[in-house]
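Structure assessment
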Amino acid sequence: MSAQPEPAPEHDSATGPAHSRPARRLDARSLRGLAHPLRMRIFELLTLDGPATSARLSERLGENTGTVSWHLRHLAEHGFIEEETGRGTKRERWWKRVDVTNDLHTADFHDDPDSRGALSVYLHELVQQYFNRVTDYVAEDWDQTWRQAGTVADWHDLRLSPAQLKALNAELFEVVARHTPAPDAEAAPDALPVVVQLQSFPRRERGDA
């Protein structure tokens, strides 16, 4: 998932642009159901790596299986994940992400003091997830073909109005959508999962004044 101020919605960027995927707008209840560091990490793993059991997730996260199971049930209760039917046993349940795009609008919670804490946790953990993905990529051993294909870059010489920044973001989303294959498309033989992270935001000027 991602986050940016209104009027643009915060798309669930962990899944990329959706091809006819249903969407839901997160409300205060669903936000509080997701806004927990461990739950967000569990949801991230199920999103990026596919279905898993509580035991497998516990091993990856270094957490107690009972604790992970509790958070899995909590995510399911709020509609973020569901049990994968026809797989596993009564003692080993497989969980998968629900195939919807989650849209979050920060302005929905500006006048709701009871949700501000959950929103703060969500945004902090989201930024931490983005940071961790980049540092993992930098630290891992990739051959030169992939190193030359990937990038970690920033542009700092833009001066834009809110309308111009919104237009820039809309165009960038359209570019990603054009390069996102349909769910039933066959991947190239040398294809790997690719994460595209976009952070664009205004910066307050800090001069001598």
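The structure contained in this document is the topic of the report that follows. (Residues numbered from 1 in each chain as written. Predicted model: local features only at pLDDT ≥ 70, side-chain atom pairs only at ≥ 80, totals over all residues. Heavy atoms only, no water.)

1. Concerning the overall build of the protein
Secondary structure assignment for the protein yields seven helices and five strands. Overall, the protein shows an N-to-C arrangement of helices and strands of β-α-α-β-α-α-β-β-β-α-α-α. The 209 residues of the protein split such that 30% are buried. Restricting the contact set of the protein to residue pairs at least 6 apart, pairs at least 24 apart contribute 68%. If you sum the accessible surface of the protein, you get close to 14200 Å²; carbon and sulfur atoms cover 52% of it. (Helix = DSSP H or I, 4+ residues; strand = E, 2+ residues; numbered from the N terminus. Buried < 20%, exposed > 50% of the residue type's maximum accessible area, 1.4 Å probe, protein only. Contact = heavy atoms within 4.5 Å. Areas by Shrake-Rupley, 256 points an atom, 1.4 Å probe, with all protein chains shown as cover.)

2. Here we look at the pattern of salt bridges
Under the criterion given, the structure shown has nine salt bridges. As a salt-bridge pair, Asp-108 and Arg-25 come within 2.9 Å of each other at their nearest N and O atoms. You can see Asp-108 sitting in the loop between β5 (101-103) and α5 (113-139) and its partner Arg-25 sitting in strand β1 (residues 23-25), a full 83 residues away along the chain. Residue classification places Asp-108 among the partly exposed residues on the basis of a relative accessible area of 36%. (Salt bridge = Lys/Arg side-chain N within 4 Å of Asp/Glu carboxyl O.)

3. Re the side chain of His-78
Residue position: His-78 is located in the loop between α4 (65-77) and β3 (81-88). Non-local contacts of His-78, meaning those with residues more than four positions away in its chain, are made with Arg-24, Arg-29, Ser-30 and Gly-33.

4. Structural notes on helix α2 (residues 37-49)
End to end, α2 covers 18 Å across 13 residues, agreeing with the expected 18 Å (1.5 Å per residue, within 8%). What α2 keeps buried is the set Leu-38, Arg-39, Met-40, Ile-42, Phe-43, Glu-44, Leu-45, Leu-46 and Thr-47. Gly-50 occupies a position one or two residues after α2 and carries a positive phi of about 90 degrees. (Expected span 1.5 Å × (residues − 1).)

5. A look at the nonpolar core
Grouped together as the largest cluster of nonpolar side chains are 27 residues, with contacts concentrated most on Ile-42, Leu-46, Leu-57, Leu-72, Ile-81 and Tyr-122. Broken down by secondary-structure element, the contributors of at least two residues to this core are α1 (28-34), α2, α3 (54-61), α4 and α5. Counting residues per element, this core draws most heavily on α2, which supplies six residues. (Core = buried A, V, L, I, M, F, W, Y, C linked by side-chain atoms within 4.5 Å.)

6. Topic: the packing of aromatic side chains
According to the stated counting rule, one finds two aromatic pairs in the structure shown. When the ring of Phe-43 is compared with that of Phe-80, the centres are 5.6 Å apart and the planes differ by 70 degrees; the resulting orientation is edge-to-face. Of the two residues, Phe-43 sits in helix α2 while Phe-80 sits in the loop between α4 and β3, which places them 37 residues apart along the sequence. In this structure, Phe-43 and Phe-80 share a single accessibility class: buried. The ring of Phe-80 carries the charged tip of Arg-24 above its face, separated from the ring centre by 4.3 Å. Positioned above the aromatic ring of Tyr-137, the side-chain terminus of Arg-147 is 4.8 Å from the ring centre. (Phe/Tyr/Trp six-rings, centres within 6.5 Å; stacked < 30°, edge-to-face > 60°. Lys NZ or Arg CZ within 6 Å of the ring centre and 35° of its normal.)

7. Description of the packing of α2 against α4
Relative orientation of the contacting elements α2 and α4 amounts to 75 degrees, with a least axis distance of 10 Å. Considering the angle they form, α2 stands roughly perpendicular to α4. Between α2, through Leu-38, Arg-39, Ile-42, Phe-43 and Leu-46, and α4, the contact on the second element is made entirely by Thr-67, Val-68, Trp-70, His-71, Leu-72, His-74 and Leu-75. Its residues assigned to classes, the contact of α2 with α4 comprises eight nonpolar, three polar and one charged. (Axes fitted to C-alpha atoms, helices over the stretch in contact; angles between N-to-C directions. Parallel < 35°, antiparallel > 145°, perpendicular 65-115°, else oblique. Nonpolar A, V, L, I, M, F, W, Y, C, P; charged D, E, K, R; others polar.)

None of this, on its own, says anything about what the molecule does.
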